[in-house]
Amino acid sequence: MKGGDMTYSTKDIPAEGLSACWKSPSNIALIKYWGKLGGQLPANASLSITLSNAYTVTRVAASRLDTPGSGPEAEFRFEGELNLPFSSRINTFLKSVASHFQYLPDVKLSIESGNSFPHSAGIASSASGMSALALCLCALEAQFQGKEAGAPGFYEKASSIARLGSGSACRSVYGGITVWGRHHDVPGSSDEYAVPLHFDPHPLFSGLRDAILIVDPGEKKVSSSVGHGLMNGHPFAESRFAQAGKNLSGLLAALKSGDWQVFARIVENEALSLHAMMLASDPWFILMHPNSLLIINKIEEFRKQTEAKVCFTLDAGPNIHLLFPEEETERVATLIKSLKSYCFNDKVIEDLVGEGPKQLTCR
Ligand code: DP6
């Protein structure tokens, strides 16, 4: 792992402690990560757009333990409330990354976190939550080292730490479009951390919109770790990983040239292939809701009638992400209106591609 290899002492932590605060967004994958190797490494490269309105704000305060070396110890508050299940997940995560931060065994952490989106909105919070936490841990390390957050190696390390918490989180440490996983078409790409797209996408994609149609806001039917696990020994695993690699090459070309038709075809193929993997796994899982299918059919109908630039993707769940360029906002608004009745409580969350995480002043 790069960065953070300078030694320092935690003896000089000021009496009031040290703190770091970051706002980090969620992301939506266009090329899906589904299947992993040991060490939280991906079976194929994935590509996502970092969102703007769906984000987590996390503040981490560190103070020196009475018995340095016995930590890390952490207390976790989510939206002001002490949250024991989350605390236990965070403590396990902190122990797993303790060897990457010289200061961690010596400190007690007080972590406070909150999301811009409601807990049961059907938006995965692990990408924004884990990336915000990883950025705070790296920012604290930078303070110990007397460096600026954002110095060379900072985001790479934050991304690889986020990855250890949740794979997709590693893509949220940059704005715009990011790639995680080694791929021959992406210079500098790595299985350990994500990298920002190495070229400016065609202007068609610069203000890409994502309207999230909340079909079901409930808990996921399959946890990500179980889902990834089902790719081990899956009869179609190898062809799926090869397909993802080919789709990534095709998508990169479309992003460069501004070819919406190719972009849409690949994005939808990825989403449906992800669901196809779950349909064909043992045990099988149907992760869509009947309304997800109705919505997909309506999108296709609308596209045939209007030739509008609009397409869909899904995560491992029933909600539909409607993707369209800024120039289509008005036309797609009528489509969204007509789809609301298929959503839970008519719920649609409007988002768009964002600039990535921001460091905040701690209060
Ligand atoms: C379908 O990142 O949630 O959203 O690494 O086990 O935390 P873990 O999995 P996670 O998997 C995300 C899967 C996906 C596709 C994607 O985001 O690439």
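Attention in this report is confined to the structure presented alongside it. (Residues numbered from 1 in each chain as written. Predicted model: local features only at pLDDT ≥ 70, side-chain atom pairs only at ≥ 80, totals over all residues. Heavy atoms only, no water.)

**A few points about the overall build of the protein chain**
Piece 1. Summing up its helical and strand segments, the protein chain has eight helices and 14 strands in all.
Piece 2. Against the globule reference of 21 Å for 363 residues, the protein chain gives a C-alpha radius of gyration of 21 Å, in line with a compact fold.
Piece 3. With respect to the three principal axes, the spread of C-alpha positions in the protein chain is 70 × 45 × 45 Å.
Piece 4. For the protein chain, buried positions account for 53% of its 363 residues.
Piece 5. Sequence-distant contacts in the protein chain: of pairs separated by 6 or more residues, those separated by 24 or more amount to 76%.
Piece 6. Summed over all atoms, the accessible surface of the protein chain reaches about 16000 Å², with 52% contributed by carbon and sulfur.
Piece 7. Side-chain charges of the protein chain comprise 33 positive and 37 negative groups, with the mean position of each set lying 1 Å from the other. (Helix = DSSP H or I, 4+ residues; strand = E, 2+ residues; numbered from the N terminus. Rg over C-alpha atoms; globule rule 2.2 N^0.38 Å. Buried < 20%, exposed > 50% of the residue type's maximum accessible area, 1.4 Å probe, protein only. Contact = heavy atoms within 4.5 Å. Areas by Shrake-Rupley, 256 points an atom, 1.4 Å probe, with all protein chains shown as cover. Lys, Arg positive; Asp, Glu negative; His and termini not counted. Charge placed at Lys NZ, Arg CZ, Asp CG, Glu CD.)

**So, the site of the ligand**
Piece 1. Within the structure, the ligand sits among 15 residues, and Tyr-33, Ser-166, Gly-167, Ser-168 and Ser-224 are positioned closest to it.
Piece 2. The contact in question runs from an oxygen atom of the ligand to an N or O atom on the side chain of Arg-171, over 2.8 Å.
Piece 3. Asp-315 places a side-chain nitrogen or oxygen 3.2 Å from an oxygen atom of the ligand.
Piece 4. Protein coverage of the free-state accessible area of the ligand, which is 460 Å², stands at 92%. (Near = heavy atom within 4 Å. Polar contact = N/O pair within 3.5 Å; in protein donor to acceptor, adjacent residues only side chain to side chain.)

**Regarding the sheet that holds strand 11 (residues 311–313)**
Piece 1. Spatial strand order, 11-12-10-13: four strands in an open sheet with antiparallel pairing. Two strands close off the open sheet at either side, each with one partner strand: strand 11 and strand 13 (348–352). Averaged over all adjacent pairs, the angle separating strand axes in this sheet is 25 degrees, with direction ignored.
Piece 2. Two elements, strand 10 (residues 209–213) and strand 13, share five bridges in a ladder whose sense is antiparallel. Considered in strand 13, the bridge of Asp-210 is made with Asp-351.
Piece 3. On top of the sheet, helix 6 (residues 260–279) reaches strand 11 and strand 12 (320–324); it is set at about 30 degrees to strand 11, its chief contact.
Piece 4. Contacting strand 10, strand 12 and strand 13, helix 8 (residues 329–339) crosses the sheet at an angle of about 160 degrees to strand 12. (Pairing = 2+ DSSP bridges. Axes fitted to C-alpha atoms, helices over the stretch in contact; angles between N-to-C directions.)

**As for the packing of aromatic side chains**
Piece 1. Under the definition given, this model contains 12 aromatic pairs.
Piece 2. Both rings, one in Trp-22 and one in Phe-154, keep their centres 5.8 Å apart while their planes meet at 25 degrees; by these two values the pair is stacked. Within this pair, whereas Trp-22 is found in strand 1 (residues 18–31), its partner Phe-154 is found in helix 3 (residues 154–165), the two being separated by 132 residues in sequence.
Piece 3. On the basis of relative accessible area, Phe-154 is assigned to the buried category, the value being 7%.
Piece 4. Ring geometry for Trp-22 against Tyr-155: centres 6.4 Å apart, planes inclined by 85 degrees, an arrangement best described as edge-to-face. Taken as a pair, Trp-22 in strand 1 and Tyr-155 in helix 3 lie far apart in primary sequence, 133 residues in all.
Piece 5. Taken together, the ring pairs connect Trp-22, Phe-154, Tyr-155 and Tyr-174 into an aromatic cluster.
Piece 6. Of note, Lys-157 hangs over the ring of Phe-101, and the distance from its end group to the ring centre comes to 4.2 Å.
Piece 7. Across the ring face of Phe-199, the terminal group of Lys-256 is positioned such that the distance to the ring centre comes to 4.6 Å. (Phe/Tyr/Trp six-rings, centres within 6.5 Å; stacked < 30°, edge-to-face > 60°. Lys NZ or Arg CZ within 6 Å of the ring centre and 35° of its normal.)

**Remarks on the pairing of strand 7 (residues 107–115)**
Piece 1. Summarising the sheet, strand 4 (residues 46–64) and strand 7 pair through nine bridges and their orientation is antiparallel. Its bridge partner lying in strand 7, Arg-59 is registered against Glu-112.

**Looking at the nonpolar core**
One broad rule of soluble globular proteins: the nonpolar side chains tend to lie buried together.
Piece 1. The biggest cluster of nonpolar side chains holds 37 residues, and the ones touching the most others in it are Tyr-103, Leu-104, Leu-109 and Leu-137.
Piece 2. Every element with two or more residues in this core is listed here: strand 1, strand 4, strand 5 (73–78), helix 1 (84–97), strand 7, helix 2 (126–145) and helix 3.
Piece 3. The element that contributes the greatest number of residues to this core is helix 2, accounting for 10 residues.
Piece 4. Among residues more than four places away in sequence, those in contact with Leu-104 are Gly-71, Pro-72, Leu-94, Val-97, Ala-98, Leu-109 and Leu-137.
Piece 5. Residues Leu-51, Phe-199, Ala-264 and Val-353 belong to the second largest nonpolar core, which totals 31 residues. (Core = buried A, V, L, I, M, F, W, Y, C linked by side-chain atoms within 4.5 Å.)

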